[in-house]
Structure formats: structure tokens, C-alpha cells
Amino acid sequence: SQQGEEDPQALSIQEGENATMNCSYKTSINNLQWYRQNSGRGLVHLILIRSNEREKHSGRLRVTLDTSKKSSSLLITASRAADTASYFCATDAVRGGGSNYKLTFGKGTLLTVNP
Amino acid sequence: ETGVTQSPTHLIKTRGQQVTLRCSSQSGHNTVSWYQQALGQGPQFIFQYYREEENGRGNFPPRFSGLQFPNYSSELNVNALELDDSALYLCASSLAYSSNYGYTFGSGTRLTVV
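An account of the accompanying structure is given in this report. (Residues numbered from 1 in each chain as written. Chains lettered and ligands numbered in written order. Predicted model: local features only at pLDDT ≥ 70, side-chain atom pairs only at ≥ 80, totals over all residues. Heavy atoms only, no water.)

What follows concerns the sheet that holds strand E7 (residues 64–68) of chain B. Residues and elements named next belong to chain B. The strand order E1-E3-E8-E7 describes an open sheet built from four strands, whose pairing is antiparallel. Two strands bound the open sheet, and with one partner strand each, they are strand E1 (5–7) and E7. Going across the sheet, the axis of each strand differs from the next one's by a mean of 15 degrees, ignoring polarity. By the bridge criterion, five bridges tie strand E3 (residues 19–24) to strand E8 (residues 74–78) in an arrangement that is antiparallel. For Val19, the partnering residue across the bridge sits in E8 and is Val78. (Pairing = 2+ DSSP bridges. Helix = DSSP H or I, 4+ residues; strand = E, 2+ residues; numbered from the N terminus. Axes fitted to C-alpha atoms, helices over the stretch in contact; angles between N-to-C directions.)

This is the structure:
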């Protein structure tokens, strides 16, 4: 079953604009991660935010996490045509004993950045 | 440092056949997970292997099975292939008990069942 749900499903913007994608999830998490996928190939890890963090930055990426609302957002600033890809949020559930277990993904947001 | 390598990249099989997909973990990682991604969907967790044993399993039938080898590489086996098994199969490696680091994914194997 899908834990996270990204919103919007598709987003089209012009180069230089900012892109914001949202993710909602259902259960308690250890951390939330964002991944990028180009043309149905492998996933590339972008950024991870822990459940006790509220905001994190990495280059042009900014992620926020609101555990009370079970939601996260990914902001890509000054977008480029090369940012065109599908973006997925994934939640990491930790089982007893501390072992990381699995990622539960949403359906993704397809971002198109027009030159 | 090498990333995650999957083979083959593409595969076409007939319904009812069996298939084996392979994955080499990133150097230093001791856990391997497999995911199935249908077209237009997010990846779905199949199972995870740690220390050569299954460490967790998603909602997939027993005809999906796996192995992890002492060098942490892994295989995904699917028996009695069905048309709905057509998907991108992704392997991801990670370090157990380090859940605050991201996973490293391979480029995937595109399986088509006809």
C-alpha cells in the first residue's frame, strides 16, 4: 500500500521558477526521504529529514516536515530544465531493535521544467 | 566507491517462466532491498536481506524469493511469471541500523512478461 501521497501529480513550470511538491503520509515515521527518478530509471536520493527535524537544506533543495500534520514539502529553487524528472517522497519505518526496514513510497510528482 | 549495479537492464519473458535478477551492493553496505515499480506508480517494497537472511517482506506472494550472498550481492527470483509482474525491479543497498542515511538504488531491470 502507498503510505505517502504526493501533490500535485504533475507540475509544469518555466526555467528559473521555484517548484514546490507536497507529500502526506499516514503513520509515524523515523525519517522522510525524497528521491528523484529520470525516465523510469533508478532512484537518486536527494535529501533525508529526520522526524525530530523541521527543515533541511541541500543546495537548491529545501525540505520541511510537519509531523503533527504528517506532511512534508520539497522546494526546488531556481529550477533548470535538467530538474525535469519524477520526484517521490518515501517514509522509513523502523522496527523494534532499531533496524531500518523498508521505504514506503508515494506515487510521485512529475515535474517538467520548460526552457 | 562503486554504486549499485543491476543486471540485466532489460528482459522479456513468457508467462509461466521463471526469472532471476541480480544486484551488486554499494561498497560498505550490508543490506539489500528489492522494490517493484509498475508503470506510473511508486516503488513497492518486496523484501529486504541482511546477513543473508530475509529481514522483512512486503505484500508479495511466495513465488517472489531472494538470496543474499556473503559479499552482500543479491538475487531476486520470480517463479510462474504473470503478466502483472511486468515492471521495473529496483535494488537498493543500505547500511543496517543506520536508518538516518538514504538508500542507494540501482538503475533497475525492466521486466516484460508476454
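Another aspect to go through is the interface of chain B and chain A. Buried accessible area, meaning the area lost when the parts come together, often serves as the stated size of an interface. Between chain B and chain A, the residue contacts involve 31 residues of the former and 28 residues of the latter. On inspection of chain B and its partner chain A, the count reaches zero salt bridges. At the junction of chain B and chain A, the tally comes to five residue pairs in polar contact (both at pLDDT 80 or more). Where the side of chain B that touches chain A is concerned, the elements lending two or more residues are strand E4 (31–37), strand E5 (44–50), strand E6 (53–57) and strand E9 (87–94) of chain B. (Contact = heavy atoms within 4.5 Å. Salt bridge = Lys/Arg side-chain N within 4 Å of Asp/Glu carboxyl O. Polar contact = N/O pair within 3.5 Å; in protein donor to acceptor, adjacent residues only side chain to side chain.)

Residue and element names in this part refer to chain B. Within the element layout of this structure, Arg15 appears in the loop between strand E2 (10–13) and E3. On the basis of relative accessibility, which here comes to 57%, the residue Arg15 falls in the exposed class. C-alpha of Arg15 to C-alpha of Glu75: the two residues are 60 residues apart in sequence and 20 Å apart in space. Apart from residues no more than four positions distant in its own chain, Arg15 is found in contact with Leu81, Glu82, Leu83, Val113 and Val114. (Buried < 20%, exposed > 50% of the residue type's maximum accessible area, 1.4 Å probe, protein only.)

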